[in-house]
Amino acid sequence: MTESYRRSGDEMPQDGPFGYGDHYGRQPGHEAGHGARAAGEHAFPPPPAYAPGSRRRARRPVALIAAVALASGLIGGGSAALIAGATTQSASSGPSTPLVNAGKSSGSGVSGVAKAVSPAIVEIKARTGSGESTGSGVVVSGNGEIVTNNHVVSGARTVTVTFSDGSRKTAQVTGTDPGKDLALVTVRGAKGLTAASLGDSDKIAVGDQVVAIGSPEGLTGSVTSGIVSALNRDVTVPKEEGQGQDQGQGQGGPGDGGGWPFEFGGNQYNGDTGSSKTSYKAIQTDASLNPGNSGGALINMQGQIIGINSAMYSPSSASSSSAGSVGLGFAIPINTVKADLDALRDGGSGGSSGV
């Protein structure tokens, strides 16, 4: 502010010992080395160090800057308090996975998400009359409610859940919805389980980083990462028990290149989808998914579940040297799951198996 005053010429310079003159206080026209004034030259008293009124004007910008800084601090503090209050609210009753701040210098990124959410992801083994299917599930309440795909538990006689700490519990199928490829199983007598935080799938965008956790080929708690490749993909899957392959486990076995069959873009993948089928809008991701990931979690970088992994392309002709994920995976949006939860608790459109 003071620099602008000096350039305007309204005030005298104030950077020397006097209000005007050269750096040493001499009058213009005086040369260095002249010891006395010329004859007849009059002496003038030195002016005051500051022009009258300059101190009063100089204080105003300083006071204004201080007021602006104080106001900014108050506004910023209020915003921070609002943000902190919003992120500390619990998404469900009982213990839940903590939200992960991906901007922190430690415990952030994929490793932070995996550490926070893994306790809420389980492996599911469903034994049917024709074999055993292996999939994954997401704990959605502390009393043992677990969301998975319908095709993981369809026709199951017994269901076994393995938690991240290695403990195993028997579960029963509470409700199924073949039209959305969703199911709810409940662990008997469970209390105080860590439940996942469910996010908002309407807020995700193509390119967002995501993490997938599940049990591919029976490898419980496997973590992969990628991005959201596309939204609202039309995916078609079988509705009835026994169609296609059971997750590459039991019927075909690991390494056979199979997975739950689905249709996309008019083509069939991983086998025949049969005549009874259903379609839904899916999230496409390039996070590595393999048979056994179905029913597991697709997670954003805040540690919130945004989708339930449901289908992946697995080349049927893949050899042992080239088998594996090719970066084409699909997940049911979590908002679809949340809208269906109450119906699943009541048995769902497919009813309860009662195991």
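Relevant structure appears above.
Computed from a predicted structure; not experimentally measured. Here the residue numbering is sequential within each chain, running from 1 through the sequence in written order. A pLDDT threshold of at least 70 governs which residues receive local features in this predicted model, and a stricter bar of 80 or more applies before side-chain atom pairs are shown or counted, although totals over entire chains, interfaces and linings include all residues. In computing side-chain properties, one takes all heavy atoms of the structure into account and sets aside hydrogens as well as water.

Trainee: I'm lost on the nonpolar core in this one. Help?
Mentor: As a rule of thumb, nonpolar side chains are buried together in soluble globular proteins. In these notes, a set of buried Ala, Val, Leu, Ile, Met, Phe, Trp, Tyr and Cys residues joined through side-chain atoms within 4.5 Å is what counts as a nonpolar core. Type-normalised accessible area, obtained with a 1.4 Å probe on protein chains alone, sets the label of each residue: buried when under 20%, exposed when over 50%, and partly exposed for intermediate values. Judged by nonpolar contacts, the single largest core of 50 residues is most densely connected at I124 and I305. For this core, the leading source of residues is strand β6 (residues 182-187), giving 5 residues. Should any heavy atoms of two residues lie within 4.5 Å, those residues are counted as being in contact. With residues near it in sequence (within four places) discarded, I305 still touches V117, V138, A196, S197, L198, G199, A297, L298, I299 and I334. In terms of nonpolar packing, the next biggest core, distinct from the first, is built from 11 residues, A212, L289, L298 and M312 among them. To qualify as a helix, a DSSP run of H or I must reach at least 4 residues; to qualify as a strand, a run of E must reach at least 2; elements of each kind are numbered from the N terminus.

Trainee: Please explain the sheet that holds strand β3 (residues 145-148) as it appears in this structure.
Mentor: Strands pair in a sheet through their backbones, by hydrogen bonds, and they do so in one of two ways: parallel or antiparallel. Strand order in this closed barrel of 6 strands is β1-β2-β3-β6-β5-β4, and the pairing throughout is antiparallel. Strand after strand, the sheet turns through a mean of 40° between neighbouring axes, direction not considered. For two strands to be treated as a pair, DSSP must find no fewer than two bridges joining them. Here strand β5 (residues 168-177) runs beside β6; their pairing, made up of 6 bridges, is antiparallel. When the bridges of β6 are listed, A171 appears paired with V187. Where helix α5 (residues 334-345) meets the sheet, it contacts β3, β5 and β6, and its direction lies at approximately 55° from that of β6. Lines fitted to C-alpha atoms define the axes, with helix axes restricted to the stretch in contact, and inter-axis angles between N-to-C directions lie between 0 and 180 degrees.

Trainee: What is the right way to read the pairing of strand β4 (residues 158-162) from this model?
Mentor: Along any regular strand, the residues point their side chains to alternate faces of the sheet. Where strand β1 (residues 121-128) meets β4, 5 bridges bridge the pair, whose relative direction is antiparallel. The residue of β4 that forms the bridge with K125 is T160. Examined bridge by bridge, β4 and β5 share 4 bridges and lie antiparallel to one another. Bridge pairing in β5 links T160 to T170.

Trainee: Is there a simple way to explain the pattern of salt bridges in this structure?
Mentor: If the charged atoms of two oppositely charged side chains come close together, the side chains can form a pair. What makes a salt bridge here is a side-chain nitrogen of Lys or Arg within 4 Å of a carboxyl oxygen of Asp or Glu, nothing more. Here the structure, examined in full by the defined rule, presents 8 salt bridges. Across the pair E132 and K125 runs a salt bridge whose closest N-O atoms are separated by 3.9 Å. Note that K277 and E263 form a salt bridge whose closest N and O atoms lie 2.6 Å from each other. Placement of the pair is K277 in strand β12 (residues 277-285) and E263 in strand β10 (residues 262-264), with a sequence separation of 14 residues. Where salt bridges share partners, they join E123, K125, R127 and E132 into one cluster.

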